[in-house]
Each structure stands twice: as structure tokens, then as C-alpha cells.
Amino acid sequence: MGKSILITGGVRSGKSRLAEDMTLGLGRRAIYIATAQAHDAEMADRIARHQARRGPEWRTVAEPLQLARTLRDTDGDAPRLVDCLTLWLSNLMLSGADWDGACAELCALIPRQSAPVVFVTNEVGAGIVPENALARAFRDAAGLVNQSISRSCDELWLCVAGHPIKVK
Amino acid sequence: MGKSILITGGVRSGKSRLAEDMTLGLGRRAIYIATAQAHDAEMADRIARHQARRGPEWRTVAEPLQLARTLRDTDGDAPRLVDCLTLWLSNLMLSGADWDGACAELCALIPRQSAPVVFVTNEVGAGIVPENALARAFRDAAGLVNQSISRSCDELWLCVAGHPIKVK
Amino acid sequence: MGKSILITGGVRSGKSRLAEDMTLGLGRRAIYIATAQAHDAEMADRIARHQARRGPEWRTVAEPLQLARTLRDTDGDAPRLVDCLTLWLSNLMLSGADWDGACAELCALIPRQSAPVVFVTNEVGAGIVPENALARAFRDAAGLVNQSISRSCDELWLCVAGHPIKVK
């Protein structure tokens, strides 16, 4: 069975870099599963910066919604990095999909993977309660997704100011 | 003297479930001290979901404001779970009560309890500074309450994605 | 070479008090480098409360922008406490200065200091994505500054409810 790792932390806490290092520590070639969609210039810029940092040992697969299918399709020798679950959840909620079912399907799949998989997610629930009801629903859902995925993963890491704390 | 434990973390980080497990680890029957008030459908729904999860070994006491009195009244053989301090603080501030004095009274009481008590609180101060002055005052107060209660407790745990980190 | 320490955490998590204790643990007299500017009554009140807590062993230097120069000017026998980097970054961004360059200059300076230096910063990126573009830019910049400074420091601590977790 392939090792499974969840990396969480606040924005710009060094999660993606840690995840890239961990993924390349699990295989010479790796697959980057990008959930981001370049809806606006700010996001396009962020995607471009992340891509520029990754070297030629990476193959990129863009998949905003069907993560379970993508994990099945890419299961082989190379470790996968899924960056990130928070955007995936946001894509699911915005498209009206059953995010709860999609998360359960993903969790059931994790222990059945042959190749390793590293997930990146975000801490979004340690601020003041948002006035916006959609934002409250989103941070509730994000917390539940993080709990479910971390329960299914072998390891859980929290990034703080660029440095990892091993939680599980 | 009864053991005292504070559990903190972001929203939906698994605090309540950890607190329930820890409380039942301290006694066969337990008392759930609920500070939540069902002001709206969203909160009523959250309260109902939490209650449905707890089994018949729990007795529930609802107390939005008088936590010190409730701790004195319930001190006996059974461990208590107070869920949560952040809502208690919010109730105190909204009712114009002296939250600072109420917190000091509670802290003084903790080391004098015979039965164990487990407190749940929230991290609300790790986001961007809110534009709303009341929200800023609330997160300052919440941080101070968390510091005071954790100083009075034997143990402090931080929940991250459903998993606990022992801080103290 | 003087020891260098970064202390991070949410608002009112006990960072300043921990930083003061650590700084006084590194020398009998200490220098407090304050980056805060009393723009309004709320901030003036916070500055006054922090000052009242510090004893006569502290000398205060106020410097909202030129941290690198202030570190050079104060390098001697006494440990320095810089409180805090988040306000410094905010001052730089509001004045249109090159915060990225200023951060790189500061990082290069840290390993060349004779006297110890303790930095306080804030976690601002663990809440929901702000609707305000400036707030998003600020929390991105704050995360990058925290990563850079923590990489240059010997130690990194995270404050939770008044208690420190050693991260590095």
C-alpha cells in the first residue's frame, strides 16, 4: 500500500514546498494533481508561480472536481501530490456537487492506493466567525473534510512559518 | 482535586469529539454543560447534531452565563464537559456582563473542584484583523480567556484536523 | 553570534509575554524595539498596556520601518525584542516601501548579530479567505515574511492559549 500524507496549515505557511519535498522523497518522478482553476488574474499568477518552482521531474494533471477518478487513473509507480483539497471542496460546492459523498469516496480510496499520495489542505477555521453564511458553511465543510482525510491518511503534518509539526 | 483540561482548536477541528472521549475516560457517567443558545436555525441544527452524537451516559445542563455557579452545583462524582467557553464569552459580552470578572471567578474555582472538568474553546485569533470593532474586541477577549483558563488547567490540547497536540 | 528566536501565534495568545521572558532570560537589561504606531485610541491603549507591563530593565526604541538599521544600531551586549513583524510589514506596505527587499535585508542581518534578538509575529492566515484584496495581499506577504525570518532564526515557537510549542 502506498503511503498517504496530509499537510495542513495557514496560507503561505510553506505547505506546498513541504509537500513537494515529501513527494519527491517517495519517488524520482512525481505527478502533480492541481485542483486550482485560473478564474482570475490573481489565481493565474499563483498557479504560474507554483509551476515555475517545480522541476522537470513533475508531470501535471489538472482536475478541479473528480479527485477519486484521478487517483485511480494515476495509481502506479509514481507518488502523487494533490494541491489542494480546499480548492477542490470550493469547486465542488460552487458546482452544487455532493461534496460530502465525494469526500467519503476519496477517503475509501486512500487505503487502496498502490502509489503514495500527499494531500495539501488549508486551515480556514481559526479566525473570527465570518458574517457571510456561505463562508461559515465553507469553513465548516473544510474542517470536516480535513478531519475525514486525516483519519484516512498515515501521517498528518501542520506547517507553521515554513516549518512542519508532526501531528500524527 | 479533579483533573482539569482545556481543549482548543479551529472550527470543526474535532474538539468536541475529543472532549467527549476524554470526559468519558474520566468517569462512567458524565455531565454536559452546554453554553450554546439556539438563537437561529443554524445554531439549533448544530446543537441537535452534537446532542444526537452523545449517548445515554450523558446528562445535559444548559447554562449560557453562570458557569462558575454551574460548576459548583455539579461538583460531585461525575466529570463535566463545558462546551464551549467561546459561546459563554459571547453570551456574557452580548448581555453586557463583566466577562473579565466572570473569567477570574471561574479560574479561581478550577483548582477547587472535586470532580474533573474538561473545557472546550475556539481559536478565533489566527485570521486577518477584522474590520468590525466588536469582532476585534471579541477576539482579544477570547484570547485572554483562553490564556487564563489554560493557566488554571492541568492540561492543554490543540486539535488539528481531528488530531490532538498536547501543549501542556 | 547572538541567538535568534521567532515567536508566532494568534492574537492574544501570549506571544509578547513569552518574548519578554525569553529576552530577559538572555540578559539582565534588554532593548524593546516597538514597531507599533499609535494611529488611533485602540492602538494607543494596546501600546500603553504593553509598556506598563515591562519593568525598568527595558529601554524602548520606537521604529516603525527601519528594522535592519535599528538592529545594527542596537547591536551590543543587550538582547533585543522586536514586537512585532506584522505591524512592521503593515507599516512598510502602507508607506509603499519595498517590503520584500526590506525582509531580505533583515534576514541577511540576523546571523551577523552579536547580541541576541527575539522577534514576535502573528498568524493571520488561518481564517477564511478575506473578501478584501488588500487583506489577501497582506496575509500572503505576512506568511512569506514569517517563513523567511523563521528560516534565518535559530528557534521558532508557536504560542497557543498562553503556552509555547517549540517548532524548530
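Heads up: these notes are all about the structure in this document.

Criteria and thresholds
Residues numbered from 1 in each chain as written. Chains lettered and ligands numbered in written order. Predicted model: local features only at pLDDT ≥ 70, side-chain atom pairs only at ≥ 80, totals over all residues. Heavy atoms only, no water. Phe/Tyr/Trp six-rings, centres within 6.5 Å; stacked < 30°, edge-to-face > 60°. Helix = DSSP H or I, 4+ residues; strand = E, 2+ residues; numbered from the N terminus. Buried < 20%, exposed > 50% of the residue type's maximum accessible area, 1.4 Å probe, protein only. Lys NZ or Arg CZ within 6 Å of the ring centre and 35° of its normal. Contact = heavy atoms within 4.5 Å. Buried area = accessible area lost by both parts, 1.4 Å probe. Salt bridge = Lys/Arg side-chain N within 4 Å of Asp/Glu carboxyl O. Polar contact = N/O pair within 3.5 Å; in protein donor to acceptor, adjacent residues only side chain to side chain.

### Overview of the packing of aromatic side chains
Residues and elements named next belong to chain B.
Argument step 1. Counted under the stated rule, the structure contains three aromatic pairs over all chains.
Argument step 2. A centroid spacing of 6.1 Å and a plane angle of 80° characterise the contact between Tyr32 and Trp58, whose relative ring orientation is edge-to-face. Taken together, the residues span a long stretch of sequence, with Tyr32 in strand 2 (residues 30–34) and Trp58 in strand 3 (residues 58–62) at a distance of 26 residues.
Argument step 3. Classification of Tyr32 as buried rests on a relative accessible area of 5%.
Argument step 4. You can call Trp58 buried: its relative accessible area is 10%.
Argument step 5. Positioned over the ring face of Tyr32 is Arg54, at 3.3 Å from the centre of the ring.

### Let's talk about the interface of chain B and chain A
Frequently, the measure chosen for interface size is the accessible area removed from exposure when the parts meet.
Argument step 1. Contact residues are listed per partner, giving 23 residues for chain B and 21 residues for chain A.
Argument step 2. Buried surface at the junction of chain B and chain A, both sides included, amounts to about 1,700 Å², of which 61% is carbon and sulfur.
Argument step 3. At the boundary of chain B and chain A, one finds two salt bridges.
Argument step 4. Ionic pairing is found between Asp140 of chain A and Arg12 of chain B, a salt bridge with its closest N-O pair at 3.7 Å.
Argument step 5. Taken together, the connections running from chain B to chain A amount to eight residue pairs in polar contact (both at pLDDT 80 or more).
Argument step 6. Among the secondary structure elements, those contributing two or more residues to the side of chain B that touches chain A are helix 2 (41–53), helix 6 (133–152) and strand 7 (163–166) of chain B.

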